Amino acid sequence: MLFTTSLGAQQPAAPAEVTRLQQMEGIYQKELSARHIPLLGKYLAELQRLAASAADRTAYDAEISRIQQVISSGGVLDLIALQKGQMGEMPVAAPMPPPPERKEALIALSPALAQTLSPTTAADSATALLGAAEWRIEAISAGTYDLLLHYACTELVEPLALTVEFAGQKVEKALETERVTKDDQTFRIFRLGSLTLTGNHRGETLRFTAGDKNAPKLILKSLLITKPRPPAN
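The text that follows walks through the structure, step by step, so that each part is easy to find.

So, how was this worked out
- Residues numbered from 1 in each chain as written.
- Predicted model: local features only at pLDDT ≥ 70, side-chain atom pairs only at ≥ 80, totals over all residues.
- Heavy atoms only, no water.
- Core = buried A, V, L, I, M, F, W, Y, C linked by side-chain atoms within 4.5 Å.
- Buried < 20%, exposed > 50% of the residue type's maximum accessible area, 1.4 Å probe, protein only.
- Contact = heavy atoms within 4.5 Å.
- Helix = DSSP H or I, 4+ residues; strand = E, 2+ residues; numbered from the N terminus.
- Salt bridge = Lys/Arg side-chain N within 4 Å of Asp/Glu carboxyl O.
- Pairing = 2+ DSSP bridges.
- Axes fitted to C-alpha atoms, helices over the stretch in contact; angles between N-to-C directions.

Examining the nonpolar core
Next up, step 1: Counting 33 residues, the largest nonpolar core has L149, L162, F208 and L218 as its most contacted members.
Next up, step 2: In this structure L162 touches L149, V171, E172, K173, L175, F190, L192, F208, T209, A210 and L218, once residues within four positions along its chain are discounted.
Next up, step 3: Counting residues in each nonpolar core, the second largest holds 13 residues, with A51, I64, V70 and A108 among its members.

Below, the structure written as structure tokens:
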């Protein structure tokens with residue numbers, strides 16, 4: 001009887017352990033996302049560059065869609081589940097079609113895809129020292145999006161004014177001096193802000209400026225337009 005009572009007294013501790021595990025999982029997922037999303041964004045930009053000049057872009061479009069869905073879900077893959085599915089250890093349900101607004105869950109705007117760059121740079125360059133750039137956005141659905149800058153900046157004596165203009169909206173934010181990078185090969189992610197679109201847009205121009213275009217300080221790798229990540233449980 002005493003043994004049974006002791007076990008019963010320990011049972012209420014289980015929910016606390018579950019909550020702790022959930023917190024650890026949320027931290028783990030957040031750290032992986034921070035590392036994976038820049039790499040996936042670079043891969044996506046390269047896919048988009050190759051697709052733009054391909055005679056048959058069917059395969060590129062399929063891979064672009066897959067990577068966009070990975071990034072929109074947080075940029076983390078469950079490798080164990082994927083391995084079990086490939087080995088036939090458990091049945092794999094057919095994936096549910098994503099809602100329409102997730103087709104543009106992430107747009108990676110690289111220097112190679114820009115319509116104009118100031119100052120100009122090589123057409124196939126993966127990065128660019130720039131003060132201004134313009135991109136044509138083929139299609140984007142109504143909704144709220146985060147604007148993320150993948151950049152390097154080795155020296156700032158004062159905050160650098162950054163501006164994104166699209167569909168009649170303007171997002172402005174300053175890159176503070178303490179956010180410089182150790183060299184021009186070290187890239188960081190900087191959140192510019194959010195963009196809320198009340199309608200769908202096709203073929204419109206997005207403009208980005210970074211300080212004085214005649215004295216550029218910012219090295220751009222990509223400007224990312226992504227759906228906001230849901231808060232961790």
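The discussion continues.
Some details on unusual backbone geometry
Next up, step 1: Residue P119 follows S118 across a cis peptide bond; omega there is 0°.
Next up, step 2: Among the structural elements, P119 can be located in the loop between β2 (116-118) and β3 (128-130).

Details of the pattern of salt bridges
Next up, step 1: In total, this model carries five salt bridges according to the counting rule given.
Next up, step 2: In this structure, R207 engages E134 in a salt bridge whose closest nitrogen and oxygen atoms are separated by 3.0 Å. Of this pair, R207 sits in strand β9 (residues 201-210) while E134 sits in strand β4 (residues 132-140), placing them 73 residues apart in sequence.
Next up, step 3: Judged by its relative accessible area of 39%, R207 is partly exposed.
Next up, step 4: For D146, the salt bridge is made with R191, and the minimal N-O distance between the two is 2.9 Å. With D146 in strand β5 (residues 143-152) and R191 in strand β8 (residues 188-197), the pair connects residues that are 45 residues apart, well separated along the chain.

Observations concerning the pairing of strand β7 (residues 169-175)
Next up, step 1: Summarising the sheet, strand β6 (residues 160-166) and β7 pair through seven bridges and their orientation is antiparallel. From the neighbouring strand, E165 faces β7, where its bridge partner is K170.
Next up, step 2: Where β6 folds back on β7, the antiparallel hairpin that results is connected by two residues, among which A167 adopts a positive phi of roughly 50°.

Comments concerning the sheet that holds β6
Next up, step 1: Read from one edge to the other, the open sheet built from five strands follows the order β2-β4-β9-β6-β7, with strand pairing classed as antiparallel. Of all the strands in the sheet, the pair left with one neighbour each is β2 and β7. Strand-to-strand twist in this sheet, taken as the mean axis angle between neighbours without regard to direction, amounts to 20°.
Next up, step 2: Bridge analysis of β4 against β9 gives eight bridges, and the strand direction is antiparallel. In the sheet register, A133 faces β9, and the bridge partner there is F208.

A few points about the environment of P119
Next up, step 1: For P119, a relative accessible area of 33% corresponds to the partly exposed category.
Next up, step 2: Dropping the residues within four chain positions of it, P119 is found in contact with L129, L130, G131, K213 and P216.

Considerations on the environment of E204
Next up, step 1: Along the chain, the position of E204 falls in strand β9.
Next up, step 2: Considering only alpha carbons, one finds E204 and A139, 65 residues apart in sequence, at a separation of 8.2 Å.
Next up, step 3: Every residue in contact with E204, bar those within four places of it in the chain, is listed here: W135, R136, I137, F166 and A167.

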